[in-house]
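# Chains, contacts and geometry: an overview
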Amino acid sequence: MSESTKQSQGSLARIGLALAIAASVSACATGTNPRDPLEGYNRAMFKFNDTVDQVALKPVATAYKTVTPSFVQTGVGNFFGNLSDVWSAVNNLLQGKGEAGLQDVVRVSMNSTFGILGLIDIASQAGIPKHNEDFGQTLGWYGVQSGPYLMLPLLGPSTVRDTVALPLDITGDPWRYKDPVNVRNIGTVTRVVDKRAALLDATNLMEAAALDRYEFIRDGFLQARESKVFDGDTDRRDRKVPKNDTSDYEPEYEAKPQPANDVPAATAAAVVAPADLVTSGSNTVASEARPQE
């Protein structure tokens, strides 16, 4: 067995253990929201994640954004975005979305060659759209219900379905297999910090606007995930049987409109919701935080 394989298995085993511990702890916590029955545990974990962010991640991201030239930040984001297109292509094809999957393949090919290993996003300039697909969305596409909301340690907002899919998403990350290990770890830290820096303005606005940041993040995350699963097609969401699936499907919840008089929160939602994750603290970069050996 290769050293890289042993490292991957070791990391996945530790992630599984962490999730098992989280599940056992959350079994004792209950809430009144049907989408968030583990609210007591989730709020405690949210506070922990937010503390980690305020003490460590946010200050580093702020310094990174201040000191690092903008073209370097763009290059870092493009490089890791190009890697994420590989897993997006796989999931688009698994969902039967051939055109989107082929677009992802073309993006990776163009950006990895003409874009100098992905540092320049040539594909977007050529009008080829970027997708962000993961295995949790693939499960949802085929009718697997999201299950309760779940706040993961350091990794942030999730659901039971997405948590089950997480090990496969980690395995499907090409950077995970980068050698040597020290280069992989440096890249992983850079990836997380760059992602947090990109969302500083949005999360600062959200912190100022939301009266209850936990609820704001939870509701925004659940709605954003639902929109991603159905590619924004609310008609499909409301149909009893989704595409490519013959099982009965009931919409998990009705999206709640923002109150007309809540202008700051609505403004914050408009800014933050389109981001990769609707969250704050270390939760902001959940999709990029991949434990490495």
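Predicted model only: the values in this text are computed from it and were never measured. (Residues numbered from 1 in each chain as written. Predicted model: local features only at pLDDT ≥ 70, side-chain atom pairs only at ≥ 80, totals over all residues. Heavy atoms only, no water.)

Let us now look at the overall build of the chain. When helices and strands are counted, the chain shows 12 helices and 2 strands. Listing the helices and strands of the chain from first to last along the sequence gives α-α-α-α-α-α-β-β-α-α-α-α-α-α. Pairs at least 24 apart in sequence give 69% of the contacts found in the chain among residues at least 6 apart. Accessible surface computed for the chain: about 14000 Å², of which carbon and sulfur atoms make up 66%. (Helix = DSSP H or I, 4+ residues; strand = E, 2+ residues; numbered from the N terminus. Contact = heavy atoms within 4.5 Å. Areas by Shrake-Rupley, 256 points an atom, 1.4 Å probe, with all protein chains shown as cover.)

What follows deals with the nonpolar core. A general tendency of soluble globular proteins is for nonpolar side chains to be buried together. By size, the foremost hydrophobic cluster in this structure holds 17 residues, and its most contacted members are F46, Y149, L150, M151, L152, L166 and I217. Per-element accounting of this core gives the leading share, 5 residues, to helix 10 (residues 213-229). (Core = buried A, V, L, I, M, F, W, Y, C linked by side-chain atoms within 4.5 Å. Buried < 20%, exposed > 50% of the residue type's maximum accessible area, 1.4 Å probe, protein only.)

Note on placement: S158 falls in strand 2 (residues 156-159). In this structure the side chain of S158 is engaged in a polar contact, spanning 3.0 Å, whose partner is the side chain of T163. Dropping the residues within four chain positions of it, S158 is found in contact with P148, Y149, L150, L152, T163 and F221. (Polar contact = N/O pair within 3.5 Å; in protein donor to acceptor, adjacent residues only side chain to side chain.)

It is worth spelling out the packing of aromatic side chains at this point. Enumeration over the complete set of coordinates arrives at 6 aromatic pairs. Seen in terms of ring centroids, F79 and F80 are 5.1 Å apart; in terms of plane orientation they differ by 85°. Their pairing is edge-to-face. K97 extends its terminal NZ or CZ atom over the ring of W141, reaching a point 4.8 Å from the ring centre. (Phe/Tyr/Trp six-rings, centres within 6.5 Å; stacked < 30°, edge-to-face > 60°. Lys NZ or Arg CZ within 6 Å of the ring centre and 35° of its normal.)

Time to look at the pairing of strand 1 (residues 149-152). The two faces of the sheet receive side chains in turn, since in a regular strand these alternate between them. Side chains of strand 1 alternate between two faces, with Y149 and M151 and L150 and L152 buried alike. Relative to strand 2, strand 1 is paired through 4 bridges, and the arrangement is antiparallel. Bridged to Y149 within strand 2 is T159. Linkage of strand 1 to strand 2, two consecutive antiparallel strands, is achieved through a turn of 3 residues, within which L154 is found at a positive phi near 65°. (Pairing = 2+ DSSP bridges.)

With that settled, consider the environment of V164. Mapped onto the secondary structure, V164 falls in helix 7 (residues 160-171). Spatially, the C-alpha atoms of V164 and G136 are 7.9 Å apart, while their sequence positions differ by 28 residues.

Turning next to the environment of D50. Topologically, D50 is positioned in helix 2 (residues 39-67). When its relative accessible area of 12% is taken as the criterion, D50 is described as buried.

With that settled, the discussion passes to unusual backbone geometry. Going from D179 to P180, the amide bond is cis rather than trans, its omega being 0°. Looking at the element boundaries, P180 is found in the loop between helix 7 and helix 8 (181-198). Here I116, not a glycine, exhibits a phi torsion of approximately 55°, which is positive. By the element assignment, I116 lies in the loop between helix 4 (98-113) and helix 5 (122-125). Even without being a glycine, L154 presents a positive backbone phi close to 65°. Along the chain, L154 falls in the loop between strand 1 and strand 2. The class for L154 is partly exposed, based on a relative accessible area of 42%.

So, about the confidence of the model for the chain. Mean pLDDT over the chain stands at 79; residues scoring 70 or higher make up 69%. Element-level mean pLDDT values for the chain span from 36 in helix 12 (residues 263-272) up to 98 in helix 4. Taken together, the stretch residues 20-29 has pLDDT below 50 and engages in 8 contacts with residues farther than four places along the chain or on a different chain. Note on residues 240-293: pLDDT is under 50 here. Beyond four places in sequence and across chains, it has 141 contacts. (pLDDT = per-residue confidence, 0-100.)

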